[in-house]
Amino acid sequence: MKNLALIHSTACRTLLDEGLLGDALRYCLRQGIAPPFSPCEQDTPEYERCVALAQETLSDYGWWEKRLKLQAARQVQAPIPGRPPKA
């Protein structure tokens, strides 16, 4: 988990440093992780704050580590199609 969290946080930081917020959000989705907020809308008073929040959150190793742990736990708990549930 730790290596993946580092990889994902670094990838997002790189995208965000290049000004590619939309790509960073799509990156999250491709990993099966819901972004922490809706895409930021340009030409709104909240845009700069939204981008700052994105940079802080998506490039945060701890945020990724927690989301990846939750994702792994959900996958373990999900029933496998065609297999009867445990008694």
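Analysis parameters
Residues numbered from 1 in each chain as written. Predicted model: local features only at pLDDT ≥ 70, side-chain atom pairs only at ≥ 80, totals over all residues. Heavy atoms only, no water. Helix = DSSP H or I, 4+ residues; strand = E, 2+ residues; numbered from the N terminus. Buried < 20%, exposed > 50% of the residue type's maximum accessible area, 1.4 Å probe, protein only. Contact = heavy atoms within 4.5 Å. Areas by Shrake-Rupley, 256 points an atom, 1.4 Å probe, with all protein chains shown as cover. Disulfide = S-S within 2.5 Å. Core = buried A, V, L, I, M, F, W, Y, C linked by side-chain atoms within 4.5 Å. Arc of directions from axis to C-beta. pLDDT = per-residue confidence, 0-100.

A. A look at the overall build of the protein. Within the protein, the regular secondary structure consists of 4 helices and 0 strands. Residues counted as buried form 29% of the 87 residues belonging to the protein. Of the contacts formed within the protein by residues at least 6 apart in sequence, a portion of 60% connects residues at least 24 apart. Carbon and sulfur atoms provide 55% of the accessible area of the protein, an area that totals close to 6400 Å².

B. Here's a closer look at the state of the cysteines. Enumeration according to the criterion identifies 1 disulfide in this entry. Sulfur-sulfur distance for the disulfide between cysteine 40 and cysteine 50 comes to 1.8 Å. Disulfide cysteine 40-cysteine 50: the torsion about the S-S bond is -80°, which places it as left-handed. Within this pair, whereas cysteine 40 is found in the loop between α2 (21–30) and α3 (47–58), its partner cysteine 50 is found in helix α3, the two being separated by 10 residues in sequence. Its relative accessible area of 14% is what places cysteine 40 among the buried residues. For cysteine 50, a relative accessible area of 16% puts it in the buried group. Take cysteine 12: it sits in no disulfide, and the sulfur closest to it among the cysteines is that of cysteine 28, at 4.5 Å. For cysteine 12, a relative accessible area of 0% corresponds to the buried category.

C. Focus on the nonpolar core. Counting 19 residues, the largest nonpolar core has Cys12, Leu21, Leu58 and Trp64 as the members making the most contacts within it. Secondary-structure elements contributing two or more residues to this core are α1 (2–17), α2, α3 and α4 (61–77).

D. Highlighting α2. Considered for burial, the residues of α2 that qualify are Leu21, Ala24, Leu25, Tyr27 and Cys28. The buried side chains of α2 occupy one side of the element, clustering within an arc of 150° when seen end-on. Exposed residues pointing more than 90 degrees away from the buried face of α2 are listed as Leu29 and Arg30. Backbone geometry just downstream of α2 places glycine 32 in the positive-phi region, at approximately 85°.

E. The arrangement of the confidence of the model for the protein in detail. When pLDDT is averaged along the protein, the result is 86; 85% of the residues meet or exceed 70. Ranking the elements of the protein by mean pLDDT puts α3 last with 88 and α1 first with 93.

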